[in-house]
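# Architecture at a glance
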Amino acid sequence: MRLARIVFVIVALAVASAVLAQHAHGGNHAPYAGMQDRPIKALSDQQLADLRAGKGMSLALPAELNGYPGPSHALELAGPLKLSATQRARTQELFTQMQREAQAVGEEVIAAETALETLFREKRATADAVAAATTQAAQAHGRLRQTHLRYHLAMMDVLSPDQVAAYNRLRGY
């Protein structure tokens, strides 16, 4: 349960940061105006599309910015990284698996956020129901993040140390 709470806090902070970044209008007293029409208030159309597409959404930044390349960007840089045919094939395989898995878990995130949304929309929100729904949502968000991070780890078995260093240089880190 402690892990679920930690994951929830991390996800809540990430969502709050995203909302604030999208709607920082200085002294605007209606920063959420227009958001009331969203099907899932906590997720923008772009976030929904990204979740359905299996995109990274910056969830793997701890890996990416600490020298663990991601399969998507490694494929983009295949030429400059001088990936062998075997490396390119393995990277493509990892990317395809990651995207498929992330799409499935992204649907879990959407379902969990929909359940939370429904509690409030239907005026059935209670402390216990909200606690259960937010825990489900946090766990889904955590699984999604873990998915992306796990594939960054897997890339360390595909690339040589020199290629990892080149990747970081090419990405500007």
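Throughout, residues of each chain are indexed from 1 in the direction in which the sequence is written. A pLDDT threshold of at least 70 governs which residues receive local features in this predicted model, and a stricter bar of 80 or more applies before side-chain atom pairs are shown or counted, although totals over entire chains, interfaces and linings include all residues. Excluding hydrogens and water, the side-chain values take into account all heavy atoms of the structure.

## Quick look at the overall build of the protein chain
From N to C terminus, the protein chain includes eight helices and zero strands. Per-residue burial over the protein chain gives 36% buried out of 173 residues. Residues count as neighbours in contact if any of their non-hydrogen atoms are within 4.5 Å of one another. In the protein chain, 76% of the contacts between residues at least 6 apart in sequence involve partners at least 24 apart. We get accessible surface area from the Shrake-Rupley algorithm with a probe of 1.4 Å; when it comes to residues, only the shown protein chains can shield them. Counting only carbon and sulfur atoms, one obtains 59% of the accessible surface of the protein chain, whose full area is about 10100 Å². Helix and strand labels come from DSSP, where a helix needs a run of H or I of at least four residues and a strand needs a run of E of at least two; each type is numbered from the N terminus. Type-normalised accessible area, obtained with a 1.4 Å probe on protein chains alone, sets the label of each residue: buried when under 20%, exposed when over 50%, and partly exposed for intermediate values.

## Re the packing of helix α6 (residues 85-121) against helix α7 (residues 127-155)
Here an angle of 0 to 180 degrees is reported between the N-to-C directions of two axes, which are lines fitted to C-alpha atoms, with helices fitted over the stretch in contact. Two elements in contact, α6 and α7, have axes whose closest approach is 9 Å; the angle formed by their N-to-C orientations is 170 degrees. Taken as axis vectors, α6 and α7 run roughly antiparallel relative to one another. Classification convention: Asp, Glu, Lys, Arg as charged; Ala, Val, Leu, Ile, Met, Phe, Trp, Tyr, Cys, Pro as nonpolar; all other residues, Gly among them, as polar. Here the residues of the contact of α6 with α7 sort into 18 nonpolar, eight polar and five charged. By definition in this entry, angles of less than 35 degrees are roughly parallel, angles greater than 145 are roughly antiparallel, angles of 65 to 115 are roughly perpendicular, and the rest are oblique.

## Regarding the nonpolar core
Of all hydrophobic cores here, the largest spans 15 residues; its most connected members are L81, M155 and L159. If you list the elements that add at least two residues to this core, you get α5 (78-81), α6, α7 and α8 (161-170). Beyond its immediate stretch of four places on either side in the chain, L159 contacts P69, L83, Q87 and V164. Each nonpolar core is a collection of buried residues, namely Ala, Val, Leu, Ile, Met, Phe, Trp, Tyr and Cys, held together in the definition by side-chain atoms within 4.5 Å. One finds I40, L59, A112 and A140 within the second-largest nonpolar core, a separate group that totals 13 residues.

## As for the pattern of salt bridges
Each reported salt bridge corresponds to a side-chain nitrogen of Lys or Arg within 4 Å of a carboxyl oxygen of Asp or Glu. All told, the structure shown has seven salt bridges when counted by the stated rule. When the shortest N-O distance is used, the salt bridge between R52 and E107 registers 3.6 Å. Linking R52 in helix α2 (residues 45-53) with E107 in helix α6, this pair joins segments that are 55 residues apart in sequence. When its relative accessible area of 44% is taken as the criterion, R52 is described as partly exposed. R150 serves as the salt-bridge partner of E101, at 2.2 Å between the closest nitrogen and oxygen. Taken together, the positions of E101 in helix α6 and R150 in helix α7 put the pair 49 residues apart, joining distant regions of the chain. A relative accessible area of 33% means that R150 is categorised as partly exposed.

## Topic: the environment of K82
Assignment of secondary structure puts K82 in the loop between α5 and α6. Classification of K82 by relative accessible area gives exposed; the value is 68%. Along the chain, K82 and Q163 lie 81 residues apart, while their C-alpha atoms are 8.0 Å from each other. Beyond its immediate chain neighbours, meaning those up to four positions away, K82 contacts Q87 and Q163.

## Considerations on α6
Under the convention used throughout, the expected extent of a helix is 1.5 Å for every residue step, that is, one less than its residue count. Taking 1.5 Å of rise per residue, 37 residues should cover 54 Å, and α6 covers 52 Å from first to last C-alpha, within 8% of that figure. Looking at the residues trailing α6, positive phi occurs at K123, about 55 degrees.

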